[in-house]
Amino acid sequence: MDFNVKKLASDAGVFFTRAVQFTEEKLGQAEKTELDPHLENLITRADSTKNWTEKILKQTEVLLQPNPSARIEEFIYDKLDKKLPSRTTNAELLGQYMLDAAIEFGSDTPYGKTLITVAEYQKRLGGAEREFLHTSAVTFLSPLRNFLEGDWRTISKERRLLENRRLDLDICKARLKKAKLAEAKAALLSEEVDKAEHELRVAQTEFDRQAEVTRLLLEGISSTHLNHLRCLQDFAEAQATYYAQCHHYMQDLQRELNRCANAVSAPHSSASVCPNPVSPAFLSGPASSGAAVPAASSSSSQKPVTLAMEQSQLPVTGARKARVLYDYDAHDTSELSLLADELITVYTVPGMDPDWLIGERGNEKGKVPVTYLELLS
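This is a predicted model, so every value here is computed, not measured.

1. Quick word on the nonpolar core
Moving on, step 1. One finds L35, L39, F132, F140, L162 and L218 to be the most contacted residues of the largest nonpolar core, which totals 45 residues.
Moving on, step 2. Mapped by element, the contributors of at least two residues to this core are helix 2 (37-64), helix 4 (90-105), helix 5 (110-186), helix 6 (190-219) and helix 7 (221-265).
Moving on, step 3. When residues in this core are grouped by element, the largest group, 19 residues, is from helix 5.
Moving on, step 4. Formed by 16 residues, the second largest nonpolar core is a distinct cluster that contains I344, V346, M352 and Y372.

As structure tokens, this is what we get:
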């Protein structure tokens, strides 16, 4: 390999001279050219942006993937530009275990049927989580990484170059000062002073040019903030969609399990048809979506709400408008199907479950879950 010895020696000399200047500045033995206050503020703001972007990115990765080994694997695949193999989510894995257990215990048994039902919704939750992770990676994590690995590297490179230009400028200032001092004391030839002044002018020009380039790059941090703002809004929207889907799935699962539990307390049903596998803490309320009641309760407490609707002598309480948040499919004739964003009239009747309201849309009427509604004034 061929080496340019002169260039290598020159570069080493420049590096050594800059190191000496930097050290003397730190020790207070040399003057230092201060940057423009506006440029200093831009540098401080850029450093804060870089530091907080790193922290937000790292913590978001922990939030989306708590497993450190999985994060390391994703990092390695990303650096190798290889596609990460599809990974089963924890909810999907749990659902598969439940399905396998149902086969082992018997899919026709009450416990086996319940396992299959819960497993189906666990897999739906896993699918929603997978979509959320993908959306968050594309709309939020990638832009933050692109800034740190792209724009910030360019800014750092130009800032290092600006620091070198500043050191060169201060070195030239020191040389000129020494030359003028020597000229005054020993009648040094003016050519040395002229040379030092020329080097100073060149260094000043290069410093000013580099300062302008760095300033323009740092002012672009404002655009970075705007871009990250949009990415943050997309991330929050993806998070809201994911949790809304999870809430919707769990509401449906509760209704499925409660319907199974109601079959146990029905007058002519056998206790072996379907046990109640859901703990009270899991259910949103003691009678949510027709939740199970003790077998010793009187039959009058089991009357459907549709009967109360048909009894016109019962007073209507608190009629008001409501906006539907999510689609809802009625599970029997006592309920009213809903479409997201539509407006309906809702009210209660005496003795009604607080988790439900009576909804009206034109000539249609039926029970609607409160959690699917936004009550309006």
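2. Digging into the packing of aromatic side chains
Moving on, step 1. In this structure the tally under the stated criterion is eight aromatic pairs.
Moving on, step 2. Arranged with centres 5.4 Å apart and planes meeting at 20 degrees, the rings of F105 and Y111 form a pair that is stacked.
Moving on, step 3. Through a chain of ring-to-ring contacts, three or more aromatic side chains come together here, namely F132, F140, F235, Y242 and Y243.
Moving on, step 4. Over the aromatic face of Y121 sits the side chain of R124, whose NZ or CZ is 4.7 Å from the ring centroid.
Moving on, step 5. Stacked on the ring of W356, the Lys or Arg K367 has its end atom at 5.0 Å from the ring centre.

3. Re the side chain of E158
Moving on, step 1. With respect to the secondary-structure elements, E158 resides in helix 5.
Moving on, step 2. For the buried E158, which has no salt bridge, the nearest side chain bearing the opposite charge is K157, at an N-O separation of 5.5 Å.

4. Some words on the pattern of salt bridges
Moving on, step 1. The tally for this structure, following the rule as stated, stands at 20 salt bridges.
Moving on, step 2. Across the salt bridge formed by E31 and K177, the nearest N and O atoms sit 4.0 Å from each other. Here E31 is found in the loop between helix 1 (5-26) and helix 2, whereas its partner K177 is found in helix 5, with 146 residues between them in sequence. Here the two residues E31 and K177 agree in accessibility, since each one is exposed.
Moving on, step 3. For the salt bridge of E199 with R175, the shortest nitrogen-to-oxygen distance reads 3.7 Å. Of this pair, E199 sits in helix 6 while R175 sits in helix 5, placing them 24 residues apart in sequence.
Moving on, step 4. With a relative accessible area of 26%, E199 lands in the partly exposed category.
Moving on, step 5. In the salt-bridge network here, residues are joined through shared partners; they are E25, E163, R166 and D170.

5. What to know about unusual backbone geometry
Moving on, step 1. Here D341, not a glycine, exhibits a phi torsion of approximately 75 degrees, which is positive.
Moving on, step 2. Structurally, D341 is set in the loop between strand 1 (317-324) and strand 2 (343-348).
Moving on, step 3. For D341, a relative accessible area of 55% gives the class exposed.

6. What to know about the confidence of the model for the protein chain
Moving on, step 1. Counting all residues, the mean pLDDT for the protein chain is 81, and 77% of those residues have values of 70 or more.
Moving on, step 2. No element of the protein chain has a lower mean pLDDT than helix 8 (residues 305-310), at 38, and none a higher one than helix 2, at 95.
Moving on, step 3. Taken as a whole, residues 267-273 scores under 50 in pLDDT and shows five contacts with residues more than four places along the chain or in a different chain.
Moving on, step 4. The low-confidence segment residues 275-315, where pLDDT is below 50, has 56 contacts with residues more than four positions distant or belonging to other chains.

7. Notes on the environment of R71
Moving on, step 1. Checked against the element boundaries, R71 lands in helix 3 (residues 68-79).
Moving on, step 2. By relative accessible area, which is 24% here, R71 ends up partly exposed.
Moving on, step 3. For the pair R71 and E61, spaced 10 residues apart in the sequence, the C-alpha separation amounts to 7.6 Å.
Moving on, step 4. With residues up to four places along the chain from it excluded, the contact list for R71 reads E61, V62, Q65 and P66.

8. With respect to the side chain of T53
Moving on, step 1. Among the structural elements, T53 can be located in helix 2.
Moving on, step 2. Taking the relative accessible area as the measure of exposure, T53 reaches 6% and is therefore buried.

9. A short note on the environment of E360
Moving on, step 1. You can see E360 is positioned in strand 3 (residues 356-361).
Moving on, step 2. Spatially, the C-alpha atom of E360 lies 5.9 Å from that of I344, the residues being 16 residues apart in sequence.
Moving on, step 3. Ignoring sequence-local partners within four residues, the contact set of E360 consists of L336, I344, T345, Y347 and K365.
Moving on, step 4. One polar contact links E360 to Y347, side chain to side chain, over a distance of 2.9 Å.

Analysis parameters
- Residues numbered from 1 in each chain as written.
- Predicted model: local features only at pLDDT ≥ 70, side-chain atom pairs only at ≥ 80, totals over all residues.
- Heavy atoms only, no water.
- Core = buried A, V, L, I, M, F, W, Y, C linked by side-chain atoms within 4.5 Å.
- Buried < 20%, exposed > 50% of the residue type's maximum accessible area, 1.4 Å probe, protein only.
- Helix = DSSP H or I, 4+ residues; strand = E, 2+ residues; numbered from the N terminus.
- Phe/Tyr/Trp six-rings, centres within 6.5 Å; stacked < 30°, edge-to-face > 60°.
- Lys NZ or Arg CZ within 6 Å of the ring centre and 35° of its normal.
- Lys, Arg positive; Asp, Glu negative; His and termini not counted.
- Salt bridge = Lys/Arg side-chain N within 4 Å of Asp/Glu carboxyl O.
- pLDDT = per-residue confidence, 0-100.
- Contact = heavy atoms within 4.5 Å.
- Polar contact = N/O pair within 3.5 Å; in protein donor to acceptor, adjacent residues only side chain to side chain.

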